[in-house]
Amino acid sequence: SSSRANLQHRRPHEGIRITQWTLQLLQTLAPWRWTVEQEPSLAPQFSNPHFHTQVVRMEDHLPGLLSQRRRLIMSSLPLSMPCSSPSARTNSPKSILNPLYGLGDKHSILKTSFNHTRSTEEIGFTITHHGYRIGEHNSSLQLVDAEHHLPLLTYHRPVYFPPTWTREQKMQHLCNMVPPDFAGLLAQLLHNSMSPLGFASFTHNDLLPDIVAPSQEPRTILRRLPPALQLPDAQRLAHINVLTKDLSWLSPNDTNPCSNAADILDNLHLGAFSRQLPPPTSAAPAPARDK
């Protein structure tokens, strides 16, 4: 509701109200580390000595992000985000979209609903709920499907939308998404800020572990431990029992890739894995009831 691209229904005061409520909640809960993301035009409203704010151009830090995205990031500690070199960007909107729209290696352009035009060999404009159009020239533009915008935002997994949704409804949800690579970068920075306290530092790849399932229990999710937490046999997999907190190990031969999205969603409560887990807590016996 706060975005300046939302010309007809922009409600910045509502965005400010919700963000203030969120910050008050964080102040009450007092978590050690936190971040909040918001529309950058609201930055002057949240200048505060008790937390850190910065307006970030995500494409400057993510070589895989192929559209512009500026966001206000508020955090409990200063975040020093490494800048990526332009030479690190190996893809372009052209390499991803041209084959999908029958354009091959031809010169093509992207156009927004504001009639802004740019070559597909450059980073695209900020994706809004109207999305892109692509073609060789203005007279041959085609609408880009909502799903085809996802790789430009570093999202490369299969996605499901309700079959009754229109393209605009899909785009509204899509353009509100934090690019997964940027979410991973924030998680990495927050975790590594605890390295001086003895926590092992993670790299970005550690934050997106493989999801697999045991051959004998296909509905149980396993996750490959990051290298910093793995035993000498780096290929072993850990499985945590939610109820008992027991940690068991399996070899790669005992597992299969988990391709069923329902299995993943049903088991997200398994949480993170660690070699040092708290002992299981025994439930207190229920009080005897008088007969």
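Residues numbered from 1 in each chain as written. Predicted model: local features only at pLDDT ≥ 70, side-chain atom pairs only at ≥ 80, totals over all residues. Heavy atoms only, no water.

1. Brief notes about the pairing of strand β3 (residues 70–75)
Here is step 1: For β3, the tally of buried residues reaches five of six residues, placing the bulk of the element in the interior.
Here is step 2: In this sheet, β3 lies alongside strand β1 (residues 35–38) in antiparallel orientation, the contact comprising four bridges. Residue pairing for β3: Glu 37 is matched across the bridge by Ile 73.
Here is step 3: By the bridge criterion, six bridges tie strand β2 (residues 52–57) to β3 in an arrangement that is antiparallel. Bridged to Arg 57 within β3 is Arg 70. (Buried < 20%, exposed > 50% of the residue type's maximum accessible area, 1.4 Å probe, protein only. Helix = DSSP H or I, 4+ residues; strand = E, 2+ residues; numbered from the N terminus. Pairing = 2+ DSSP bridges.)

2. What to know about the nonpolar core
Here is step 1: Grouped together as the largest cluster of nonpolar side chains are 31 residues, with contacts concentrated most on Leu 79, Met 81, Leu 97, Ile 127, Ile 134, Leu 152 and Phe 182.
Here is step 2: Sorting the residues of this core by element identifies α2 (93–97), α4 (167–174) and α5 (180–192) as the ones contributing at least two each.
Here is step 3: It is α5 that contributes the most residues to this core, five residues altogether.
Here is step 4: Residues contacting Leu 79, with those up to four places away along its chain left out, are Thr 35, Gln 54, Ile 73, Leu 186, Leu 189 and Leu 190.
Here is step 5: Ranked by size, the runner-up nonpolar core spans ten residues in total, among them Ile 16, Trp 34, Leu 42 and Phe 51. (Core = buried A, V, L, I, M, F, W, Y, C linked by side-chain atoms within 4.5 Å. Contact = heavy atoms within 4.5 Å.)

3. A short note on the pattern of salt bridges
Here is step 1: If you walk through the whole model with that rule in mind, you get nine salt bridges.
Here is step 2: The partner of Glu 37 in a salt bridge is Arg 71, with the nearest N and O atoms 2.5 Å apart. Of this pair, Glu 37 sits in strand β1 while Arg 71 sits in strand β3, and the two are 34 residues apart along the sequence.
Here is step 3: A residue is classified by how much of its surface remains accessible, and Arg 71, at 16% relative accessible area, is buried.
Here is step 4: Residue Lys 94 pairs with Asp 105 through a salt bridge whose shortest N-O separation is 3.7 Å. Of this pair, Lys 94 sits in helix α2 while Asp 105 is found in the loop between α2 and β4 (109–111), placing the two residues eleven residues apart along the sequence.
Here is step 5: What makes Lys 94 buried here is its relative accessible area of 12%. (Salt bridge = Lys/Arg side-chain N within 4 Å of Asp/Glu carboxyl O.)

4. Description of the sheet that holds strand β5 (residues 117–119)
Here is step 1: Ordered in space as β5-β4-β6-β7, the four strands form an open sheet in which the pairing is antiparallel. Because the sheet does not close on itself, it has two edges, and the strands there are β5 and β7 (142–143).
Here is step 2: Where strand β6 (residues 133–135) lies against β7, two bridges are found, and the strand directions are antiparallel. Looking across to β7, one finds that Ile 134 is bridged to Gln 142.

Keep in mind these values describe shape, not function.
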